[in-house]
Amino acid sequence: MINPSRVIPVIGFVILWIASLPYSMAMDNVLSPSEKEQGWQLLFNGKDMSNWRNFKNQDLNENWVLKNGIMHLNQAGGGDIITKKIYENFILKLEWKISEAGNSGIFIMANELGNYIYSSAPEIQILDNERHSDNKIASHLSGSIFDIIASPETSHKLAGEWNKVKIYLHNRHLKVWQNGVQTADIVIGSDKWNKLIKQSKFKDWQGFAETSIGHIGFQDHGDPVSFKNIKILVLE
């Protein structure tokens, strides 16, 4: 015979769990009341990818998919993607998760004048720091300004975990945080920046980081990668 005193608490727990699902799910890809008041906008609402298109293409490749409210590159061949709008001064917040041994990136100030998105756009690196072969150079690890400024080890997480990134760009002053740790603080085009560029792979790249406005982009480096909670605040 079933003991009612044991069944009732279990039923109560299940009811509470079910009741909590819509609220917990609604936490992703929505703006809080304070964000709405401040003027934040969603670049991804968890329901469609209407704010995005492929680099040098007005459409979005089918390998970029929606999966449980997440923007997901499910396999190689999806191509790099960019926002349909261009941005100059902004704060960007998002979360990313990389597959094991995976590589990807977040681009800013991207234009379509060059052959590739990285021809002009600085990249905030996304990487499985433990397993990917490009983990020998500090400025190639996640949260770094790729090949320019190395991120602190305290900003890193393991592959398969969600990482939070915030990017501030105002009058070419670039600041980056990953998982609450600041990874970069530099003025693009300053003497310090130019010195770092001369020490990087971009030293002879004409047009690299020379504009003040452009698209935000995500990289297809051939590995599955996921994004959610992509929000932007346009600054004056």
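Being a predicted model, the structure only gives us computed values, none of them experimental.

Criteria and cut-off values
Residues numbered from 1 in each chain as written. Predicted model: local features only at pLDDT ≥ 70, side-chain atom pairs only at ≥ 80, totals over all residues. Heavy atoms only, no water. Pairing = 2+ DSSP bridges. Helix = DSSP H or I, 4+ residues; strand = E, 2+ residues; numbered from the N terminus. Axes fitted to C-alpha atoms, helices over the stretch in contact; angles between N-to-C directions. Buried < 20%, exposed > 50% of the residue type's maximum accessible area, 1.4 Å probe, protein only. Arc of directions from axis to C-beta. Contact = heavy atoms within 4.5 Å. Core = buried A, V, L, I, M, F, W, Y, C linked by side-chain atoms within 4.5 Å. Phe/Tyr/Trp six-rings, centres within 6.5 Å; stacked < 30°, edge-to-face > 60°. Lys NZ or Arg CZ within 6 Å of the ring centre and 35° of its normal. Polar contact = N/O pair within 3.5 Å; in protein donor to acceptor, adjacent residues only side chain to side chain. Salt bridge = Lys/Arg side-chain N within 4 Å of Asp/Glu carboxyl O.

Caption draft 1: Region of the structure containing the sheet that holds strand β7 (residues 103-110). If you walk across this open sheet you meet the five strands as β2-β5-β12-β7-β8, and the pairing is antiparallel. A single partner strand is all that each edge strand has here, and the edge strands are β2 (52-54) and β8 (123-127). In this sheet, neighbouring strand axes are inclined to one another by 20 degrees on average, regardless of whether the strands run parallel or antiparallel.

Caption draft 2: Region of the structure containing helix α3 (residues 191-198). Along α3, the positions that sit buried rather than exposed are Trp193, Leu196 and Ile197. Each buried residue of α3 sits inside an arc of 100 degrees when the element is viewed along its axis, so together they form one side. Facing away from the buried side of α3 by over 90 degrees, the exposed positions are Asp191, Lys192, Lys195 and Lys198. The secondary structure elements touched by the buried residues of α3 are β11 (181-187).

Caption draft 3: Representation of the nonpolar core in the model. Ranked by internal contacts, the top residues of the largest apolar core, which has 44 residues, are Met71, Leu92, Ile106, Ile167, Phe218, Phe227 and Ile230. Residue contributions to this core peak at five residues, all from strand β6 (residues 90-98). If we ignore the near neighbours within four places in the chain, the residues touching Ile230 are Gln41, Leu42, Leu43, Phe44, Trp52, Met71, Leu92, Lys93, Leu94 and Phe218.

Caption draft 4: View of the packing of aromatic side chains. In this structure the tally under the stated criterion is eight aromatic pairs. Aromatic side chains Trp52 and Phe218 sit 4.7 Å apart centroid to centroid with 20 degrees between the ring planes, which places their arrangement in the stacked category. Of the two residues, Trp52 is situated in strand β2 and Phe218 in strand β12 (residues 215-218); the sequence distance between them amounts to 166 residues. Their ring planes at 70 degrees and their centres at 6.4 Å tell us that Tyr87 and Phe90 sit as a pair that is edge-to-face. Like Phe90, Tyr87 is buried. Among the aromatic residues, ring-to-ring pairing joins Tyr116, Tyr118, Phe202, Trp205 and Phe208 into one connected group. The ring centre of Trp177 lies 4.5 Å from the NZ or CZ of Lys166, which sits over that ring. Lys175 extends its terminal NZ or CZ atom over the ring of Tyr168, reaching a point 5.4 Å from the ring centre.

Caption draft 5: Geometry of the pairing of β7. For β7, a buried count of eight out of eight residues is recorded, marking the element as mostly surrounded by other parts of the structure. Pairing of β7 with β8 involves five bridges; the strand directions are antiparallel. Bridge pairing in β8 links Gly105 to Gln125.

Caption draft 6: Representation of the side chain of Asn89 within the structure. With respect to the helices and strands, the residue Asn89 is situated in the loop between β5 (81-83) and β6. Among the polar contacts listed, one links the side chain of Asn89 to the backbone nitrogen of Asn171, at a separation of 2.8 Å. Look past the residues within four positions of Asn89 in its chain and what remains in contact with it is Leu169, His170, Asn171, Leu233, Val234, Leu235 and Glu236.

Caption draft 7: Quick peek at the side chain of Asn129. Looking at the secondary structure, you find Asn129 in the loop between β8 and β9 (163-170). Not counting chain neighbours up to four residues away, the residues in contact with Asn129 comprise Asn135, Leu141, Ser142 and His156.

Caption draft 8: Fine view of the pattern of salt bridges. Enumeration according to the criterion identifies six salt bridges in this entry. Where Lys231 meets Glu35, a salt bridge forms, and the shortest distance between an N and an O atom there is 3.0 Å. Residue Lys231 is located in strand β13 (residues 225-234), and its partner Glu35 is located in helix α2 (residues 33-38); the two are separated by 196 residues in the primary sequence. When its relative accessible area of 10% is taken as the criterion, Lys231 is described as buried. What makes Glu35 buried here is its relative accessible area of 9%.

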